Amino acid sequence: MTKLEPGSPEWTRTITASKIPSILGISRWNSQYALWHQMAGNTVEHISAAKQENFDYGHAAEIAAAEFWKFRNKGWRLSRGEVQFKRDDLPYPNAATIDRRGSRGSKRRIVEVKTARSLEEWGDDGSGNAPADYVAQVIWQQFITGWHVPADLILWPQYGMPRIYTIDYNARIAEHIESKAQAWHLSLVDGVEPALDNTIATYECVKALHPDIDGSSVEVDPELAHRFIGWHQEQKDTNKTVTGLKSKLLDAMGNAQYATCNGEKIADRRPGRGGSVSLYANTKLDLGTIKGMTA
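My aim in this report is to walk through the structure given alongside it, one point at a time. This structure is a prediction, so every number in the text was calculated from the model and none was measured. (Residues numbered from 1 in each chain as written. Predicted model: local features only at pLDDT ≥ 70, side-chain atom pairs only at ≥ 80, totals over all residues. Heavy atoms only, no water.)

At a closest axis distance of 10 Å, the pairing of helix α6 (residues 132-145) and helix α7 (residues 171-190) adopts a crossing angle of 90 degrees. With respect to each other, α6 and α7 are oriented roughly perpendicular. The residues of α7 that touch α6, namely those facing Ala136, Ile139, Trp140 and Phe143, are Ile173, Ala174, Ile177, Glu178 and Ala181. (Axes fitted to C-alpha atoms, helices over the stretch in contact; angles between N-to-C directions. Helix = DSSP H or I, 4+ residues; strand = E, 2+ residues; numbered from the N terminus. Parallel < 35°, antiparallel > 145°, perpendicular 65-115°, else oblique. Contact = heavy atoms within 4.5 Å.)

Quick look at the structure:
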């Protein structure tokens, strides 16, 4: 097959591994609504210089990760670069691009590489399991290639040692993904867009769909108008409340670095720009773990 290049019209219309999490509604980076309009050709994803730099870093990391994987898997060979596959028996354009193809005699397996600044950014919640969105991508790759043996997903962090996550093929999940992919394709053919949601990706997509300002007015539903203005007023009041609470906490902390309550970290002070100090709340804290805390 002719290799599809990301950003090309053919790639845009094709259901690929990277699009599967959005199709399933489990992507942390894109929404169903935004992806649908990208694939329908209504919006174009612009690759910023910073994003391209991340792509370049990722490709460089793949080289190091491949060597690391071979040290851990003696006797296996890896392809020098990406390998792309498709299934002609599926009723929609599809593809799976594998970072590296592992081979040992007649055996084949998928080896994927992902980069992240930290385990937290990557999405490992401490369970040692790969994040669901990346697992879905790999199962799609296993489904398209027909390699149902366990795949390896290498995390190459900017800080710390690389980790290898093994992804087992799950036929039930693969069947579910395929049915969602087929329904997704039909929605594009029929022009039935997904519902709006509250993600940043959808918000940016709606803005991109209507870039012009023609000077006209439109009458909106009273409930929408009420909620829009009401939430903005509440947000303004909330911002004032938070600022006041931050002032009180900073005053209570003095020169301390950490603020704690019953042994639990509430916030910490860090150096900011221009010699200032910034306050960061411990947003991961479960309030239920702090005894005696009142709402």
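Its 14 residues place the ends of α6 20 Å apart at the C-alpha level, agreeing with the 20 Å of an ideal helix rising 1.5 Å per residue. Across the 14 residues of α6, 12 count as buried, placing the element largely inside the fold. Within the span of α6, buried status applies to Asp133, Tyr134, Ala136, Gln137, Val138, Ile139, Trp140, Gln141, Gln142, Phe143, Ile144 and Thr145. Phi turns positive, to about 85 degrees, at Gly146, one or two residues after α6. (Expected span 1.5 Å × (residues − 1). Buried < 20%, exposed > 50% of the residue type's maximum accessible area, 1.4 Å probe, protein only.)

Let us look at the environment of Met253. You can see Met253 is positioned in helix α9 (residues 222-253). In this structure the C-alpha to C-alpha distance between Met253 and His37, which are 216 residues apart in sequence, comes to 49 Å. In this structure Met253 touches Tyr258, Ala259, Ala267, Asp268, Arg269 and Leu279, once residues within four positions along its chain are discounted.

Taken in spatial order, the 5 strands line up as β1-β4-β5-β6-β7 in an open sheet, and their pairing is mixed. Two strands close off the open sheet at either side, each with one partner strand: β1 (77-78) and β7 (163-167). Looking at chain direction, strand β5 (residues 107-116) and strand β6 (residues 151-157) are connected through 6 bridges and run parallel. Within β6, the position partnered with Val113 by the bridge is Ile154. On the sheet, helix α4 (residues 49-72) packs against β1, β4 (100-104), β5, β6 and β7 and is oriented at approximately 125 degrees with respect to β6. Taken strand by strand, α6 contacts β5, β6 and β7, and its axis lies near 155 degrees from that of β5. (Pairing = 2+ DSSP bridges.)

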